[in-house]
Amino acid sequence: MFAAVMAVSLGIMATDAPCDILSAHGTPCVAAHSVVRALFQGYSGPLYQVVRTTDRKSLNISLVPGTGYADAAAQSTFCSAPETTRNAAQSDRKRGVNVNAAVNAMTAHSGAEKKHAEIPWAPGPCCGFENCPDRCDERSPGACPAVPGCVGCASCGTPTHVPPLATCMITRIFDQTSNENHLHVVGQPSGLEPVGTGGRLYGGAPITGTNASADPLTIDGHPVFSAFFEGGMGFRTNTTANIPVDDEAETIYMVTSGKHYNDGCCFDYGNAEIGLWPNTTNNLTYAKGLMECVYFGSGRGVDGPRVMADLEMGIYDGAGPTNKSYTAINATFVTAMVKGDSNNHWSIKWGDAQKGPLHTAFDGPRPGRDVYSPMKKPGGLVLGLGGDTSHS
């Protein structure tokens, strides 16, 4: 899958990895995540961590020496070990639908080192629509006056979705750059919560990692497993280094399945709020421009999937209403890219990851009459969730 993106779409030698190419052109990767392959030619560290929820044991999955691809055999052996203890919280509830991400990377044009402090998750007050002055899908919701610190558009009733707790799940995806922007199952799970879960979704249900064995693939003859996302699954980090902030320029791309998607909010990868619902850093204002993430899914009046951008309080395919010239994408695997420049300019690009080339779906000003300019990017990272931990 991804070898074709590198060798065919980019037209370069197979010995050059994506982040090597980007660095050579002056836009080094500041975060690079993949569960299938190395994104630097010389990378030899772990790609991701799997946890057996039956006995809470974990294993870091690295590369098969000399190949640059994940050691799927090591995962299969680990995950098929005899079960010793069945976690009572394992769920057989109906699964949702989302998208499986194989490779993600973020590049930046900013050279100064930046670190952002992590704000730990903790239970907080919340309230329903009936007590709040505004609706979050129309404008910044503000806080419920009677409950300080509440996210105005949140409802904390009975969770509508409880994600399945896989026997063997991915709980961490390692950053292959020196910045150590590792993604992990969000939140701080307590001893009372099922292993692999942490934090809460926008509606109150727990977040889990992805089923490590759900989607086996073969890439250039090498067996691997994708990160297969379904409802209620996601990763995040609030402690980052060198991720662009405010209106600084960045480029975000991922290679993902073109056949596994929905129209929900939000399957994102990229720059997002620091913190966790309901205690994100900007939960009293939820201003537009607090995110810049690549999104893949359907919606906005188009029957079929497309690459779009989540800029907080809106998923966009252009500068305004539906981009009617941008039709649905038909490809088994998709290269999805969002380029966020400074000074009120951005673009969306996409390509068939097995054929190339990249197509420009939009190139122009930010949406909403400068509502998204300047941007207010905080510098957190998210994968598989919206900035407020909404999910699909």
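Fair warning: this is a prediction, and the values are worked out from it, not measured in the lab.

(A) Quick look at the overall build of the protein. When helices and strands are tallied, the protein shows three helices and 22 strands. Counting only residues that meet the buried cut, the protein has 58% of its 392 residues in that class. Considering only contacts in the protein between residues 6 or more positions apart, those separated by 24 or more positions represent 70%.

(B) Main features of the state of the cysteines. Evaluation of the coordinates by the stated rule reveals three disulfides. A sulfur-sulfur distance of 2.2 Å marks the disulfide that ties Cys19 to Cys29. Between Cys19 and Cys29 the sulfur-sulfur dihedral comes to about -90 degrees; the bridge is accordingly left-handed. Of the two residues, Cys19 sits in helix α2 (residues 18–24) while Cys29 sits in strand β1 (residues 29–34), which places them ten residues apart along the sequence. When its relative accessible area of 0% is taken as the criterion, Cys19 is described as buried. Residue class for Cys29 comes out buried when judged on its relative accessible area of 8%.

(C) Here's a closer look at helix α3 (residues 72–79). Residues of α3 that are buried: Ala72, Gln75, Phe78 and Cys79. The arc enclosing the buried residues of α3, seen along the axis, measures out at 130 degrees, which places them on a common side. Seen from the buried face of α3, the exposed residues on the opposite side, beyond 90 degrees, are Ala73 and Thr77. Buried residues along α3 sit in contact with β2 (48–52), β3 (58–61), β5 (168–173) and β11 (222–225).

(D) Up close: the packing of aromatic side chains. Scanning the model with the defined rule gives five aromatic pairs in all. Where Phe229 meets Phe235, the ring centres are 5.9 Å apart and the plane angle is 85 degrees; that geometry is what we call edge-to-face. Look at Phe235 and you get buried, because its relative accessible area is 0%. Here the aromatic rings of Trp346 and Phe362 are separated by 5.5 Å at their centres, their planes lie at 50 degrees, and the arrangement is tilted. With a gap of 16 residues between them, Trp346 in strand β20 (residues 346–352) and Phe362 in strand β21 (residues 359–364) connect regions that are remote in the sequence. On the basis of relative accessible area, Phe362 is assigned to the buried category, the value being 13%. One cation-aromatic arrangement involves Arg52 over Phe78; the distance from NZ or CZ to the ring centre is 4.3 Å. A cation sits over an aromatic face here: Arg306 above Tyr326, 4.8 Å from the ring centre.

(E) View of the nonpolar core. Counting 61 residues, the largest nonpolar core has Tyr48, Ile170 and Val307 as its most contacted members. Ranked by size, the runner-up nonpolar core spans six residues in total, among them Ile207, Met291, Cys293 and Leu385.

(F) Looking closely at the pattern of salt bridges. Following the criterion strictly, the structure yields five salt bridges and no others. The residue Arg52 makes a salt bridge to Asp55 at a minimum N-O spacing of 2.8 Å. Each member of the pair, Arg52 as well as Asp55, carries the same accessibility label: buried. Here Glu292 makes a salt bridge to Lys377, at a shortest N to O gap of 3.0 Å. Within this pair, whereas Glu292 is found in strand β16 (residues 292–299), its partner Lys377 is found in the loop between β21 and β22 (380–383), the two being separated by 85 residues in sequence. Exposure remark for Glu292: the relative accessible area of 0% places this residue in the buried category.

(G) Focus on unusual backbone geometry. In this chain, Ser373 is followed by Pro374 through a cis amide linkage whose omega measures 0 degrees. Within the secondary structure, Pro374 is located in the loop between β21 and β22. The residue Asn242 is not glycine, and still its phi comes out positive at about 65 degrees. Tracing the backbone shows Asn242 in the loop between β13 (235–237) and β14 (250–257).

(H) Up close: the confidence of the model for the protein. Taken over all residues, the pLDDT of the protein has a mean of 74, while the share at 70 or more is 66%. In the model, residues 1–13 has pLDDT below 50 throughout and makes 39 contacts with residues more than four positions away in sequence or in other chains. When the criterion is pLDDT under 50, residues 277–285 qualifies, and its contacts beyond four places in sequence or with other chains add up to 39 contacts.

(I) Examining the environment of Gly351 more closely. Tracing the backbone through its elements, the reader meets Gly351 in strand β20. Put simply, Gly351 and Ile329 are 22 residues apart on the chain and 8.7 Å apart in space, counted from C-alpha to C-alpha. Residues within four places of Gly351 in sequence aside, it is in contact with Phe333, Val334, Thr335, Pro357, Leu358 and His359.

(J) Fine view of the pairing of β20. By the criterion of burial, β20 is predominantly enclosed, with six of the seven residues buried. Summarising the sheet, strand β19 (residues 333–340) and β20 pair through seven bridges and their orientation is antiparallel. Bridge assignment links Lys339 to a residue of β20, and that residue is Ser347. Once β19 ends, the chain turns through five residues before running back antiparallel as β20, passing Asn343 with a positive phi of about 60 degrees. Turn length for the β20-β21 hairpin, with the two strands adjacent in sequence and antiparallel, is six residues, and the turn residue Gly356 shows positive phi of about 70 degrees.

What counts and what doesn't
- Residues numbered from 1 in each chain as written.
- Predicted model: local features only at pLDDT ≥ 70, side-chain atom pairs only at ≥ 80, totals over all residues.
- Heavy atoms only, no water.
- Helix = DSSP H or I, 4+ residues; strand = E, 2+ residues; numbered from the N terminus.
- Buried < 20%, exposed > 50% of the residue type's maximum accessible area, 1.4 Å probe, protein only.
- Contact = heavy atoms within 4.5 Å.
- Disulfide = S-S within 2.5 Å.
- Arc of directions from axis to C-beta.
- Phe/Tyr/Trp six-rings, centres within 6.5 Å; stacked < 30°, edge-to-face > 60°.
- Lys NZ or Arg CZ within 6 Å of the ring centre and 35° of its normal.
- Core = buried A, V, L, I, M, F, W, Y, C linked by side-chain atoms within 4.5 Å.
- Salt bridge = Lys/Arg side-chain N within 4 Å of Asp/Glu carboxyl O.
- pLDDT = per-residue confidence, 0-100.
- Pairing = 2+ DSSP bridges.

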